[in-house]
Amino acid sequence: MLGPVQENPFPDSHTLGEGPEPHPLLRPVLPLLGRWHGRGRGEYPTLEQDFEYAQEVTFSHDGRPFLRYEARAWLIDGTGAAVRPAGREAGWWRITPEASLEVVLTHPTGIVEVLVGQVSGEEIELETKEVARTPLAKEVTGTRRRYGIHEDELVFVQEMAAVGQPMQHHLAARLRRF
Ligand code: HEM
């Protein structure tokens with residue numbers, strides 16, 4: 001028999017001082033916690049045009065030594081008006097006692113990335129160790145990301161090797177908390 005089910009007693013929190021105490025190992029990545037939004041630009045040599053986008057990003061935790069991560073982007077025109085939904089991704093950022101990061105990211109485009117990297121001060125670098133693709137996914141063979149937190153601004157840059165092109169710039173964005 002199905003017994004009574006209480007609301008999940010272990011909620012995620014993206015705000016320090018609310019919800020569970022962050023795990024001590026999370027200390028190097030605590031500045032990421034929160035909800036961020038902002039704008040970015042993208043390009044790739046196979047694309048006819050560069051593009052601009054807006055994005056919302058959330059990093060939260062449940063008291064264990066990993067972050068829950070989700071990002072949603074949408075293309076915008078020159079006036080900032082929304083054009084259409086674009087990249088979204090979700091995943092888990094595990095942190096080791098040496099402040100190494102082990103990240104799993106999934107994309108609705110049929111791509112799963114396993115990334116490893118380091119936190120050094122306010123800079124975070126991640127690089128794919130493996131990329132898995134569903135049969136219909138575009139050919140992405142590797143990506144690199146850098147995050148930096150500068151004066152409460154989250155700066156993000158992504159490179160990728162994809163569709164026969166070597167590793168090079170795809171995205172750059174600046175986000176603020178909201
Ligand atoms: C903020 C997130 C992102 C945005 C706004 C974005 C935007 C775009 C846009 C506008 C295009 C052109 C095709 C189209 O109109 O859909 C594109 C192509 C592409 N993107 Fe992204 N992208 C994002 C993240 C990513 C990520 C995380 C990856 C890889 C894991 C990726 C891989 C690709 C690939 C492989 C192409 C196709 C290139 C080609 O076929 O010529 N993108 N992206």
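- The protein has the name Peroxynitrite isomerase in an unreviewed UniProt entry, where Streptomyces xanthophaeus is given as its organism.
- In its Sequence similarities (unreviewed entry) section, UniProt records this for the protein: "Belongs to the nitrobindin family."
- Of the comments in the UniProt record for the protein, the one headed Pathway (unreviewed entry) reads "Nitrogen metabolism."

### Observations concerning the overall build of the protein
Logical step 1: Of regular secondary structure, the protein possesses zero helices and ten strands.
Logical step 2: The order of α-helices and β-strands along the protein, N terminus first, is β-β-β-β-β-β-β-β-β-β.
Logical step 3: Its C-alpha radius of gyration of 17 Å places the protein within 12% of the 16 Å reference for a compact globule of 178 residues.
Logical step 4: Expressed along its principal axes, the backbone C-alpha trace of the protein runs to roughly 55 × 40 × 35 Å.
Logical step 5: Of all 178 residues assigned to the protein, the portion counted as buried reaches 38%.
Logical step 6: Counting only carbon and sulfur atoms, one obtains 52% of the accessible surface of the protein, whose full area is about 10700 Å².
Logical step 7: Within the protein, the 26 negative side-chain charges are centred at a point lying 3 Å from the centre of the 19 positive side-chain charges.

### Brief notes about empty space enclosed by the protein
Logical step 1: Enumeration according to the criterion identifies one cavity of 30 Å³ or more in this entry.
Logical step 2: Considering only enclosed or pocket space, the largest cavity measures out at about 50 Å³ in volume.
Logical step 3: Lining the largest cavity are P28, V29, P31, L32, V119, G121, E122, I124 and I149.

### Quick notes on the pairing of strand β9 (residues 153-162)
Logical step 1: Here β9 lies mainly inside the structure; nine of its ten residues are buried.
Logical step 2: For strand β8 (residues 140-150) and β9, the ladder comprises ten bridges, and the chain directions are antiparallel. Its bridge partner being in β9, Y147 is matched across the sheet by F156.
Logical step 3: Looking at chain direction, β9 and strand β10 (residues 168-177) are connected through eight bridges and run antiparallel.

### Side note on the environment of G117
Logical step 1: As for its placement among the helices and strands, G117 is situated in strand β6 (residues 111-120).
Logical step 2: Taking C-alpha positions, G117 is 8.8 Å from A99, a pair spaced 18 residues apart along the chain.

### Thoughts on the site of the ligand
Logical step 1: The environment of the ligand is formed by 22 residues, the closest being T46, F51, R84, K138 and H170.
Logical step 2: Between R84 and the ligand, the recorded distance is 2.6 Å, taken from a side-chain N or O atom to an oxygen atom.
Logical step 3: Structurally, the ligand is housed in the largest pocket.
Logical step 4: Taken together, the elements giving at least two residues each to the shell around the ligand come down to β2 (51-60), β3 (66-76), β4 (82-95), β8, β9 and β10.
Logical step 5: Looking at the shell around the ligand element by element, the count peaks at four residues for β4.
Logical step 6: Partitioning the shell around the ligand into residue classes produces eleven nonpolar, six polar and five charged.

### Looking at the UniProt feature "binding site: heme b" (unreviewed entry) in the protein
Logical step 1: Feature annotation in UniProt assigns "binding site: heme b" (unreviewed entry) to the following positions: T46, K138 and H170. A stretch of 125 residues holds the annotated residues, and the largest C-alpha distance among them is 14.5 Å, short enough that they meet in one place. Restricting the annotated residues to those that line the largest pocket leaves T46, K138 and H170.
Logical step 2: Positionally, K138 belongs in the loop between β7 (123-133) and β8.
Logical step 3: Sequence-distant contacts of K138, that is, excluding residues within four places in its chain, are made with I111, R133 and V163.
Logical step 4: Residue position: H170 is located in strand β10.
Logical step 5: Setting aside chain neighbours within four positions, we find H170 in contact with R41, G42, E43, Y44, L47, F51, Q158, E159 and M160.

Each value, and the rule that gives it
Residues numbered from 1 in each chain as written. Predicted model: local features only at pLDDT ≥ 70, side-chain atom pairs only at ≥ 80, totals over all residues. Heavy atoms only, no water. UniProt positions renumbered as here; feature names shortened; annotations may be inferred. Helix = DSSP H or I, 4+ residues; strand = E, 2+ residues; numbered from the N terminus. Rg over C-alpha atoms; globule rule 2.2 N^0.38 Å. Buried < 20%, exposed > 50% of the residue type's maximum accessible area, 1.4 Å probe, protein only. Areas by Shrake-Rupley, 256 points an atom, 1.4 Å probe, with all protein chains shown as cover. Lys, Arg positive; Asp, Glu negative; His and termini not counted. Charge placed at Lys NZ, Arg CZ, Asp CG, Glu CD. 1 Å grid on protein atoms, 1.4 Å probe; cavity = no way out; pocket = protein on both sides within 12 Å on 5 of 7 lines; lining within 4 Å. Points joined across faces, edges and corners; volume = space filled by probe spheres on them. Pairing = 2+ DSSP bridges. Near = heavy atom within 4 Å. Polar contact = N/O pair within 3.5 Å; in protein donor to acceptor, adjacent residues only side chain to side chain. Sits in = over half its atoms within 2 Å of the grid points. Nonpolar A, V, L, I, M, F, W, Y, C, P; charged D, E, K, R; others polar. Contact = heavy atoms within 4.5 Å.

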